[in-house]
Amino acid sequence: MTFRGRHLLGIEQLAPDEIRALLDVAEDYAAFNRQPMRRRDTLAGMTVITLFYEPSTRTQASFELAGKRLGADVMTMAVAVSSVKKGETLIDTALTLNAMRPDLIIVRHPASGAVNLLASKVDCAVVNAGDGRHEHPTQALLDALTIRRRKGRLHRLTVAICGDIAHSRVARSNILLLGKLENRIRLVGPPTLIPAGARELGCEVAHDMAEGLADADVVMMLRLQKERMDGAFIPSEREYYHRYGLDAAKLAHARPDAIVMHPGPMNRGVEIDGTLADDINRSVIQDQVEMGVAVRMAALDLLARNLRAARAGAAGAAHA
Ligand code: ASP
């Protein structure tokens, strides 16, 4: 087993063999999840807490399902009705939960770096479910699994990541993962939404969809993250759709067998045409959701194995 991490905080810390190991385990869970009986005892007796300081549908639901399918006790913290509303800090909340001896905490927080800080304060394994504009590792892993299953490989592909890259942790984690596995990455969007330093990350940059999508194997669309914009980054949504919204005409610039991805939630008619998003011959958006459960089961399984090994090692040392 080559996945070595104690926590899953970002793609940045993972080596290519760890990424492949996690995807291989996730592949087995993808098959398992299609069986009628979807319950194992892998995490029996373990406690998983999900703590989300930002709204979530797919990520929160799939972590909860992943934990339950592996037999863990899963507790979902309702942040909106907890002491967080009384002003308790993230670290105080984390220390309180830590004292209840959970095995894994899954955290989403609006501040970049908050989850790494939390991981340094608790005894359990921590999974980053999205921190600010920083990382969303399980999203990049589920995207990678979806691509690998559809394209038959995860290297030497041309991947166009389009739209609001500057505010996107999904883009950042995907750039890191696809770069580690030697893919060609093109960032496509208006100059205001492409982060400075994109070229230093090894990415090509295009401000025009025809140029950016040329010969792409994968077209990954991103949501316009209006909640992270504090000024006018685009002239209007209509103008944005006209120039950067993905429709059949723009997709014709990519390879004929190119797949279309979107992490959700989608703004139909803003960054993507609704009919194209629903076209099962091109869009793999539902596959991404399905692979999300499998990847999160793999992540919980591998982290639990490492946690058990570390605890066994510590108990052995105490006896010695
Ligand atoms: N659901 C993803 C995230 O949490 C993408 C998005 O919100 O646009 O980052």
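Refer to the preceding data block for the structure.
Residues numbered from 1 in each chain as written. Predicted model: local features only at pLDDT ≥ 70, side-chain atom pairs only at ≥ 80, totals over all residues. Heavy atoms only, no water.

A. Just the sheet that holds strand E6 (residues 184-188), in detail. Read from one edge of the open sheet, 5 strands run E7-E6-E5-E8-E9, paired in parallel fashion. The open sheet has two edge strands, strand E7 (204-206) and strand E9 (259-261), and neither has a second partner. The average angle at which neighbouring strand axes cross in this sheet is 20°, direction not considered. The pairing of strand E5 (residues 158-162) with E6 spans 5 bridges and is classified as parallel. Bridge pairing in E6 places Thr 158 opposite Arg 184. (Pairing = 2+ DSSP bridges. Helix = DSSP H or I, 4+ residues; strand = E, 2+ residues; numbered from the N terminus. Axes fitted to C-alpha atoms, helices over the stretch in contact; angles between N-to-C directions.)

B. Structural context of the site of the ligand. The full set of residues close to the ligand is Arg 108, His 136, Arg 169, Val 170, Arg 223, Gln 225, Gly 264 and Pro 265. Here Arg 223 contributes a side-chain N or O atom positioned 2.7 Å from an oxygen atom of the ligand. With respect to the ligand, the side chain of Gln 225 contributes an N or O atom lying 3.4 Å from an oxygen atom. Against a free-state accessible area of 260 Å², the protein chains account for coverage of 93% of the ligand. (Near = heavy atom within 4 Å. Polar contact = N/O pair within 3.5 Å; in protein donor to acceptor, adjacent residues only side chain to side chain. Areas by Shrake-Rupley, 256 points an atom, 1.4 Å probe, with all protein chains shown as cover.)

C. Focus on the pairing of E6. Here E6 lies mainly inside the structure; 4 of its 5 residues are buried. In this region the chain leaves E5, passes through helix H6 (residues 169-180) and returns to the parallel neighbour E6; the handedness of that crossover is right-handed. One ladder, built from 3 bridges, connects E6 with E7; its direction is parallel. Across the sheet, residue Leu 187 finds its bridge partner in E7, namely Val 205. (Buried < 20%, exposed > 50% of the residue type's maximum accessible area, 1.4 Å probe, protein only. Right-handed = clockwise from strand over helix to strand, strands pointing away.)

D. Just the packing of helix H5 (residues 137-151) against H6, in detail. Axis separation between H5 and H6 bottoms out at 8 Å; the angle between their running directions is 55°. When the axis of H5 is compared with that of H6, the two are oblique. The two elements H5 and H6 meet at a crossing, and its hand is right-handed. Every residue of H6 that contacts H5 at Pro 137, Gln 139, Ala 140, Leu 141, Asp 143, Ala 144 and Ile 147 is listed here: Val 170, Ser 173, Asn 174, Leu 177 and Leu 178. Split into classes, the residues belonging to the contact of H5 with H6 amount to 8 nonpolar, 3 polar and 1 charged. (Parallel < 35°, antiparallel > 145°, perpendicular 65-115°, else oblique. Left-handed = near helix turned anticlockwise from the far one by under 90°. Contact = heavy atoms within 4.5 Å. Nonpolar A, V, L, I, M, F, W, Y, C, P; charged D, E, K, R; others polar.)

E. Spatial organisation of unusual backbone geometry. Cis geometry marks the peptide bond from Gly 264 to Pro 265; its omega dihedral reads 0°. Counting through the fold element by element, Pro 265 comes out in the loop between E9 and helix H10 (274-277). Within the chain, Glu 182 stands out as a residue other than glycine whose phi angle is a positive 60°. Mapped onto the fold, Glu 182 is located in the loop between H6 and E6. Using a relative accessible area of 61% as the deciding quantity, one classes Glu 182 as exposed.

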